[in-house]
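Close look at the chain arrangement
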Amino acid sequence: MNDLAAQDREVAGELAAALSRVLDRGRYVLGPEVSAFEQEFAAYCGTPHAVGLASGTDALALALAGVGVGPGDRVALVANAGGYGTAAVDSLGAMPVYADVDGESRLIDPTDLDRVLAATGARAVIVTHLYGALADMATVTGLAARHGVKVVEDCAQAHGAGRDGRRAGSFGDAAAFSFYPTKNLGALGDAGAVVTADPTIAERVTRLRQYGWDRKYRVALPHGRNSRLDELQAAVLRVKLTRLDAGNARRSALARRYGSAIAHPKVELPAVTGPDHVAHLYAVLTEDRAGLAAHLRAHGVASEAHFPIPDHRQPAVGDRYAGTSLPVTERLCRQVLSLPCHPGMSDADADRVADAVNCWGA
Ligand SMILES: *Cc1c(COP(=O)(O)O)cnc(C)c1O
């Protein structure tokens, strides 16, 4: 599904220089590399503030805490996005309430979100830009304003996705990014960030990432944690940020190539259009997912379901959501299968994948 070593080899010299800069300085946590990365990433997203964190899941949790979510609050979100939002909501002692997704976009369905916000009195909504596709933020932020609900964007799959001159992360009250190695912007380990235009939210997140301290050993906010970003990872991310747009362009080109090269009556392709889709994943739909995956494997092609189990049907939740029905989410989780789509692939690699799909069952 990925070839991270090949992608990193292209910037090996720059990465080595960045790492030795950190070693020479001897400062490893929350130092000048983190500050510089925060400024550069905020500028990239078009938001005044960025706060570096230890992971994307922490970024979701601290963004929610930053907009005022606390124990007992409800948070609306989708159930087809891998469970990260649910884990973040749970970690705050808040309660996830699920909206269904739209069958075309596979993103949050504004009509169902409207119903969920009215029914639950949720305090915030997480909008996940899944697979690299930017959600309809104009509609969602309009709805949220009407219900008096805060908006947190989950941009873990959408670094750089843009619309009308704005980028993912600049539409909501706050936004969470993951820099897990396979993401469009990936570190050499775990890392994340919150971006926001609101200085109060930025300050809250900055305190919460370090025990709630406003200064050393003074706890100004409750429910803080250790979610600091390493200098080594920040130095790596500064190098990789300069390649993000090129990597996104490559992913989008591969997705468009799949769109014209794959034609199979049992395989439904995603709509990948302009700069509002950075093709983090290329997820097709098929009623016989196991059959297609086995066929691809036999042709030396990797594939993976993102994601097979909807959050409200995970074994860990028991029967808490027994009364919750999300028909589109449940169908997509049964049918989605991601094909390889990463900047290390050549056109010939993509054509080989397309040929393998096209000859399924032939
Ligand atoms: C990867 C991912 C996350 C979580 O990020 P981590 O850094 O792994 O904690 C959150 N949301 C989505 C949609 C993701 O794909």
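One numbering rule holds for all chains: residues counted from 1, following each sequence as written. Given that the model is predicted, a residue must reach a pLDDT of at least 70 before its local features are reported, and side-chain atom pairs must reach 80 or more before they are shown or counted; all residues, however, enter totals for whole chains, interfaces and linings. Note that the side-chain values use all heavy atoms of the structure and ignore hydrogens as well as water.

For the protein chain, an unreviewed UniProt entry supplies the name DegT/DnrJ/EryC1/StrS family aminotransferase and the organism Micromonospora zhanjiangensis. Listed under Sequence similarities (unreviewed entry) in UniProt, the entry text for the protein chain is "Belongs to the DegT/DnrJ/EryC1 family." UniProt positions are given in the numbering used here, feature names are shortened, and annotations may be inferred rather than shown by experiment.

1. A short note on the pairing of strand β5 (residues 150–154)
Relative accessible area decides the class of each residue, using a 1.4 Å probe on protein chains only: under 20% of the type maximum gives buried, over 50% gives exposed, and in between gives partly exposed. Only DSSP runs of H or I covering at least 4 residues are called helices, and only runs of E covering at least 2 are called strands; the numbering of each starts at the N terminus. Burial of β5 is extensive: four of the five residues sit out of reach of the surface. Note: two strands are recorded as paired if DSSP finds a minimum of 2 bridges between them. Relative to β5, strand β4 (residues 124–128) runs parallel, the two sharing five bridges. Of the residues in β5, the one forming a bridge with V125 is V151. Orient the strands so they point away from the viewer, and a crossover whose first-strand-to-second-strand path over the helix runs clockwise is right-handed. As for the winding sense of the linkage, the β-α-β connection from β4 through helix α7 (residues 137–147) to β5 is right-handed. For β5 and strand β8 (residues 174–178), the ladder comprises three bridges, and the chain directions are parallel. Across the sheet, the residue bridging to V152 is A174, located in β8.

2. With respect to the nonpolar core
In summary, soluble globular proteins display a tendency toward joint burial of nonpolar side chains. Core analysis: the biggest nonpolar cluster contains 58 residues, and F37, F41, L113 and F179 have the highest contact counts within it. For this core, the secondary-structure elements that each account for two or more residues are α3 (32–45), α6 (110–120), β4, α7, β8, β9 (192–196), α9 (231–241) and β12 (282–285). Tallying contributions element by element places α3 first for this core, with six residues. Built from parts of two domains, this core gets at least three residues from each of domain 1 (4–99 + 106–241) and domain 2 (244–358). Residues belong to one nonpolar core when they are buried, are Ala, Val, Leu, Ile, Met, Phe, Trp, Tyr or Cys, and are joined through side-chain atoms within 4.5 Å. Where each domain begins and ends follows an automated or database-derived domain assignment.

3. Details of the site of the ligand
What makes a residue near a molecule or strand is one non-hydrogen atom of that residue sitting within 4 Å of it. With respect to spatial proximity, the complete set of residues near the ligand consists of S55, G56, T57, Y84, T128, D154, A156, Q157, S178 and K183. Any pair of nitrogen or oxygen atoms within 3.5 Å is treated as a polar contact; in protein, a donor-acceptor pairing is required on top of that, and neighbouring residues in sequence qualify only through side-chain atoms on both sides. Between G56 and the ligand, the recorded distance is 2.8 Å, taken from a backbone N or O atom to an oxygen atom. Within the side chain of Q157, a nitrogen or oxygen atom sits 2.9 Å from an oxygen atom of the ligand. Methods summary: accessible areas were calculated by the Shrake-Rupley approach with a probe of 1.4 Å, and residue burial reflects only the protein chains presented. Isolated, the ligand exposes 390 Å² of accessible area, and the fraction of that covered by the protein chains is 92%. Throughout, the ten residues Ala, Val, Leu, Ile, Met, Phe, Trp, Tyr, Cys and Pro are labelled nonpolar, Asp, Glu, Lys and Arg are labelled charged, and all others, Gly among them, are labelled polar. Residue classes in the shell around the ligand are distributed as two nonpolar, six polar and two charged.

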